[in-house]
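A look at the structure
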Amino acid sequence: MTATTTSAAWRRWSASVMSFTRRDRTDGLQGARTSTSTRTAAAAAAGPEPEPDPAPSLKIFQSDWAHESLPEGHKFPMQKYRLVRQELEGDLSLRGRIQIRKAPLILQKELELVHDKNYIERVFQGNLTAKENRAIGFPWTEQSVQRYRASAGGTLAALRAVFEEEGMVAGHAAGGTHHSFRDRGEGFCVFNDIAIAATVAEKSYDALPILVIDLDVHQGNGTADIFEGHHSVFTFSVHGANNYPWKTRRKSDLDVDVPDDTTDPEYLAVLQKELPSLFEKVKPKLVIFQAGVDGLKEDSFGRLALTRQGLIKRNNMVYDMCIANGCKLLITMGGGYSRPIEPTVAASTDVFRIAALKYSALS
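Report on the accompanying structure. None of the values given here were measured: they were computed from a predicted structure.

Looking now at the pairing of strand 7 (residues 286-290). The buried fraction of strand 7 is high, at five of five residues. Covered by surrounding structure in strand 7 are Leu286, Ile288 and Gln290 together with Val287 and Phe289, the residues of both alternating faces. In terms of strand pairing, strand 4 (residues 210-214) meets strand 7 through five bridges, oriented parallel. Bridged to Val212 within strand 7 is Ile288. As paired strands, strand 7 and strand 8 (residues 328-332) are joined by five bridges and run parallel to one another. Note on strand 8: the bridge partner recorded for Ile288 is Leu330. For the handedness criterion, the β-α-β arrangement of strand 7, helix 11 (residues 308-325) and strand 8 is classed as right-handed.

Take the environment of Pro56 next. Along the polypeptide, Pro56 turns up in the loop between helix 2 (36-45) and strand 1 (58-62). Through-space distance from the C-alpha of Pro56 to that of Ile98 is 5.1 Å; in sequence the pair is 42 residues apart.

Further remarks concern the sheet that holds strand 4. Spatially, eight strands are ordered 2-1-3-8-7-4-5-6 in an open sheet, and the strand pairing comes out parallel. Here the strands that pair on one side only, and so sit at the sheet edges, are strand 2 (98-102) and strand 6 (254-258). Averaged over all neighbouring strand pairs, the angle between strand axes comes to 15°, with direction disregarded. Against the sheet, helix 8 (residues 193-205) touches strand 4, strand 7 and strand 8, its axis set at about 175° to strand 7. Strands strand 4, strand 5 (233-240), strand 6 and strand 7 of the sheet are contacted by helix 10 (residues 264-282), whose axis makes an angle of about 175° with strand 5.

For the rest of this paragraph, the subject is the nonpolar core. Counting 98 residues, the largest nonpolar core has Ile213, Phe236 and Tyr319 as the members making the most contacts within it. In terms of residue count, the dominant contributor to this core is helix 12 (residues 342-362) (nine residues).

Cut-offs applied
Every chain begins its residue count from 1, and numbering advances along the sequence as written. Only residues with pLDDT of 70 or above have their local features reported here, since the model is predicted, and side-chain atom pairs are shown and tallied only from 80 upward, although totals for entire chains, interfaces and linings are computed over all residues. The basis for the side-chain values is all heavy atoms of the structure; hydrogens and waters are excluded. Only protein chains enter the calculation, and the probe is 1.4 Å; a residue is then buried if its accessible area is under 20% of its type maximum, exposed if over 50%, and partly exposed in between. The way it works is that DSSP assigns letters per residue, a run of H or I at least four long becomes a helix, a run of E at least two long becomes a strand, and they are numbered from the N terminus. By the convention used here, strands pair only if DSSP detects at least 2 bridges between them. We call a crossover right-handed when, viewed with the strands running away from us, the connection from the first strand over the helix to the second turns clockwise. Helix axes are fitted to C-alpha atoms over the stretch in contact, other axes to C-alpha atoms as well, and angles between N-to-C directions run from 0 to 180 degrees. Whether two residues are in contact is decided by their heavy atoms: any pair within 4.5 Å suffices. Residues enter a nonpolar core if they are buried and are Ala, Val, Leu, Ile, Met, Phe, Trp, Tyr or Cys, with the set joined through side-chain atoms within 4.5 Å.

Next comes the structure, spelled out in structure tokens:
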């Protein structure tokens, strides 16, 4: 890419961001409260829809079709996946820039690339012990098994899209289940979609080295354990020092613990220090970005003091490094447990919105 092309792309990106900033001045989530009829009227007022680009910059897989009904009062906000998808679908600035696709169900043989066969079959058949189900945090149902498979399948489908189709980035508006080990799950994670995607990237696409950037507020212990001693997959996790997991924490290739009440400037300073040297050291062909938003100050479990604008800057830093280094990018969601749910949905939507605007400006 020439300097002139880069400059023009940057002007298009800046214009897009300015437009987004003017539209969305508050941290509220107006779109989640907008009725279908209001959106229809707004679309009609805007005139005919433009023809989408033949190859949108960002393919986003969604697995909220495989919805799992949880007991009343359960602390996991399952509705966030549907709300994020609806926000992305309703954002006029993203028309022609994204394509939302249904996540497929992952196959058992694909799960076996990472997970123990006996564990997979016990999950499928509902034969986990009560203790194992408590560690995961979800009651077992046939509906839950379908969601677990869609959650892993969406990330794997996004991985295949980024290597088999035009473009440098793809994502899954779910997934990021980094607490799952080879033979067990915990912390709302059953099958480790990040580890499966990285394994397929290595075996099917020779996409080595791989850099996993895990910016969920909780350490990616399962991913770290699966790739311990695997020199072609580098695991990097920035997480709360005093947060879960307490007893099952593992050693990533690079762990950065941040204290309670960490603010935007303090958190971003960590990334400014670590990301350039990581990309220089690893020289990744693929980056897998676990973009949890549970570091928000509004989060019920996060214990940090990050803002929505701080997380936007975080996302931009990751994307800028990927673009500058010419590597493929796979994005997943992660944690997010704010009550009410609007801050989580807004920040999670930003993860994909910013990627779509930034990458479309470069095409």
